[in-house]
Amino acid sequence: MCYRSLLIGITCLCLGSSGLANSDQKETKPTPKKELFRGRVVIVKDALEKRGITAFEEMKEQVALETPEGKLLPIVADWRGRAFYQDKRLRNRKVELVGYQRKGLPYLQVLMVFTFDDDNQRMYTDYWCDICSIPMYEIKPCDCCQQDIRLRFQPQDLPDYLTRDQNAKK
Ligand SMILES: [Zn+2]
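In this text, all values refer to a predicted model and were calculated from it rather than measured experimentally.

**Here's the deal with the overall build of the chain**
In step 1: The secondary structure content of the chain amounts to four helices and eight strands.
In step 2: Listed N to C, the secondary structure of the chain is α-β-α-β-β-α-β-β-β-β-β-α in terms of helices and strands.
In step 3: Expressed as a percentage of its 170 residues, the buried residues of the chain come to 12%.

Encoded structure:
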């Protein structure tokens, strides 16, 4: 009896894990390669005005990364990019963004944000609740205690996988 229930248990485990694997395959589209994007995040309306293009107020919220070459890459307001819409402290300053662009889309999807301090030191940038010690990625009351959270800067190098790719290109 015990042996049988053990067998049933094992069967359930196997079914469970293969079920998971299947649903993963369904949901996962090929993820575009993560890349490093440099520049500063600007309000698109302002950037267009500098180029002699007047856009009306419907565009006043849209932000984009302005690259050193003067390209504008609009940022998706998702779980990570949203902070650039909410927090002007993140705009009009030198940044490095790890993220990707999907084929056929001009949009940049941000995964990691790096800013630079006065000494030009690279800082991994997110939000932090001092009470609960949990990171967050947009301005909001803390997920846990509902208190204010703060913008956090931590000295940190770029992720290894970017450096590896850059070395491979050389
Ligand atoms: Zn908290």
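Following the structure, the description resumes.
**Regarding the confidence of the model for the chain**
In step 1: The pLDDT averaged across the chain works out to 86; a share of 79% of its residues lies at or above 70.
In step 2: The low-confidence segment residues 1-23 (pLDDT under 50) makes zero contacts with residues lying over four places distant or belonging to another chain.

**A few points about unusual backbone geometry**
In step 1: Residue Asn92 is not a glycine yet carries a positive backbone phi of 55°.
In step 2: Along the chain, the position of Asn92 falls in the loop between α3 (82-86) and β4 (94-100).
In step 3: C-beta crowding within 10 Å serves as the criterion here: with 13 such atoms nearby, Asn92 is assigned to the partly exposed category.
In step 4: The backbone of Asn120 shows a phi angle near 65°, a positive value even though the residue is not glycine.
In step 5: With respect to the secondary-structure elements, Asn120 resides in the loop between β5 (109-116) and β6 (122-129).
In step 6: Classification of Asn120 by C-beta neighbours within 10 Å gives exposed; the count is 7.

**With respect to the environment of Met123**
In step 1: Tracing the backbone through its elements, the reader meets Met123 in strand β6.
In step 2: By the C-beta count within 10 Å, which is 17 here, Met123 ends up partly exposed.
In step 3: When neighbours within four sequence positions are excluded, Met123 is seen to be in contact with Phe114, Thr115, Phe116, Asp117, Phe153, Gln154, Pro155 and Gln156.

**Focus on the nonpolar core**
Across soluble globular proteins, you tend to see nonpolar side chains buried next to one another.
In step 1: Counting 13 residues, the largest nonpolar core has Val41, Leu65, Ile75 and Leu97 as its most contacted members.
In step 2: Those elements that provide at least two residues to this core are β2 (63-66), α3, β4 and β5.

How each quantity is defined
- Residues numbered from 1 in each chain as written.
- Predicted model: local features only at pLDDT ≥ 70, side-chain atom pairs only at ≥ 80, totals over all residues.
- Helix = DSSP H or I, 4+ residues; strand = E, 2+ residues; numbered from the N terminus.
- Buried ≥ 20, exposed ≤ 12 C-beta atoms within 10 Å, placed from the backbone.
- pLDDT = per-residue confidence, 0-100.
- Contact = placed C-beta atoms within 7 Å.
- Core = buried A, V, L, I, M, F, W, Y, C linked by C-beta atoms within 7 Å.

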